[in-house]
Amino acid sequence: MKKSRPESPLIRHDDIENYGSMQTHQDHDDGAIVNESLSFTARNAGMLLIIYSQFFFASMDISVKLLNGLDPPVHALQGITLICCEIYMTVMGIPDPITGPKGVRMMLFIRGVTGFFGLSGMYWSLQYLSVADATVLVFLTPLTAAVAGSVFLKESYSVKQAIAGVFSLLGVILIGRPAFLFGSLDVVPQGLSDVAPAHRLAGVVACMISVLGNTGAYTSIRAIGKRAHPMHVMSYFSLWCTIISSLGMVVFDIPVVYPTSWMWILLLLMVGIFGFAAQTLLTMGLQRETVSRGVTGMYAQVVFVVVLERLFFGVTPSLPSVLGAAIIMSSAFYVVMKKAKTSPR
């Protein structure tokens, strides 16, 4: 007789309204949420939504990289997304459009704050790293999310997954190439201007902040589940991004930048549209998948990023970056495939 793991107090099955449109149940052996429908698309709806979101994330990252190249650089906010979310919920008659449903408001707050650091860390890193390098570094998220899922959501986490995390750290070092280990930075990705070792290290640190923020955000989305509408999750995220970004601009004396060209306006609109689509699809996907399984769909982003960065910037990754990326992705895929093979059915 199989012994079930203790249920997390963060995932409660109470009488709070279910905002999901698909009936699902959880397979506690492998952490996957399986739909009752026999359709392949229905069974894998969450994973497919997450994969779709990665194209928009990659497109948003390219747009942010282009914005950073403007003079002066542009810092995007989430105010427009917040307004759109509130208008949508008001028009559609979704309950509690501002405060969110009772019982999940603290988790919504955590999602908003951690999501800000996940997004801002990525934005910051793109000032010093190629989009491909920054994206691969953020691929540490599945491994950290597995730890968070084990601690907070009572999902399994093995010693082999921990070993894979150590190898991923090696990949991070190869991509970041800190000066105290590698000396002066002699090899940079073709198509990028030279970056000082200190700045490159700062970009890597920013990616690590993004990883931790994303881990908190994805774990909280999973804990919320379908007890809140995706627009509730999006509005809290946008709200706290706007609040913290505004405070940051005041503290660090960052001036407000106004449009100076049509390219400026077009890129800012692209960031907003791509970001909104990506966050919405990701939220809907994670509401249908556990953290440990759902984040595996994010590996599709590296394919989109490499293609888009080659098209827009002509960037060819350096050999150490390619090796580091291969180590990180191999470690993460090992965790996924090992779990799939050992899960009883």
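Look up: the structure comes first, before these words.
Please read these numbers as outputs of a predicted model, since none were measured by experiment. (Residues numbered from 1 in each chain as written. Predicted model: local features only at pLDDT ≥ 70, side-chain atom pairs only at ≥ 80, totals over all residues. Heavy atoms only, no water.)

> Tell me about the packing of aromatic side chains, and please be specific about residues and values.
One pair of aromatic rings is described through two measures. These are the centre distance and the angle between the planes. Tallying each qualifying case throughout the model produces 5 aromatic pairs. Where Phe 56 meets Phe 274, the ring centres are 6.4 Å apart and the plane angle is 45°; that geometry is what we call tilted. Of this pair, Phe 56 sits in helix α2 (residues 45-68) while Phe 274 sits in helix α11 (residues 262-286), and the two are 218 residues apart along the sequence. Here Arg 111 stacks its cationic end above the ring of Phe 237, 4.4 Å away from the centre of that ring. (Phe/Tyr/Trp six-rings, centres within 6.5 Å; stacked < 30°, edge-to-face > 60°. Helix = DSSP H or I, 4+ residues; strand = E, 2+ residues; numbered from the N terminus. Lys NZ or Arg CZ within 6 Å of the ring centre and 35° of its normal.)

> Quick rundown of the nonpolar core? Include the residues and the values.
In terms of nonpolar packing, the biggest core is built from 58 residues, with Met 60, Leu 137, Tyr 218 and Leu 282 touching the most fellow members. The element contributing the most residues to this core is helix α9 (residues 197-224), with 8 residues. By size, the runner-up hydrophobic cluster in this structure holds 5 residues, among which are Cys 85, Met 89, Met 231 and Met 234. (Core = buried A, V, L, I, M, F, W, Y, C linked by side-chain atoms within 4.5 Å. Buried < 20%, exposed > 50% of the residue type's maximum accessible area, 1.4 Å probe, protein only.)

> Give me the lowdown on the packing of helix α10 (residues 230-251) against α11, citing residues and values where you can.
α11 packs onto α10 with a crossing angle of 130° between their chain directions and a minimal axis gap of 9 Å. When the axis of α10 is compared with that of α11, the two are oblique. Crossing handedness for the pair α10 and α11: right-handed. Mapping the contact onto sequence places Pro 230, Met 231, Val 233, Met 234 and Phe 237 in α10 and Phe 276, Gln 279, Thr 280, Thr 283 and Met 284 in α11. When the residues that make up the contact of α10 with α11 are grouped by side-chain class, the tally is 7 nonpolar, 3 polar and no charged. (Axes fitted to C-alpha atoms, helices over the stretch in contact; angles between N-to-C directions. Parallel < 35°, antiparallel > 145°, perpendicular 65-115°, else oblique. Left-handed = near helix turned anticlockwise from the far one by under 90°. Contact = heavy atoms within 4.5 Å. Nonpolar A, V, L, I, M, F, W, Y, C, P; charged D, E, K, R; others polar.)

> Could you give an account of unusual backbone geometry, naming the residues involved and the relevant values?
The phi angle at Asp 96 is positive, at roughly 50°, despite the residue not being glycine. With respect to the helices and strands, Asp 96 occurs in the loop between α3 (79-92) and α4 (105-125). Here the phi dihedral of Asp 253 falls at roughly 55°; this positive angle occurs in a residue that is not glycine. By the element assignment, Asp 253 lies in the loop between α10 and α11.

> Tell me about helix α13 (residues 300-313), and name the residues and values.
Between its first and last C-alpha, α13 extends 20 Å over 14 residues, near the 20 Å set by a 1.5 Å rise per residue. Those residues of α13 not exposed but buried are Ala 300, Gln 301, Val 302, Val 305, Leu 308 and Glu 309. Count one or two residues on from α13 and you reach Gly 314, which has phi positive near 65°. (Expected span 1.5 Å × (residues − 1).)

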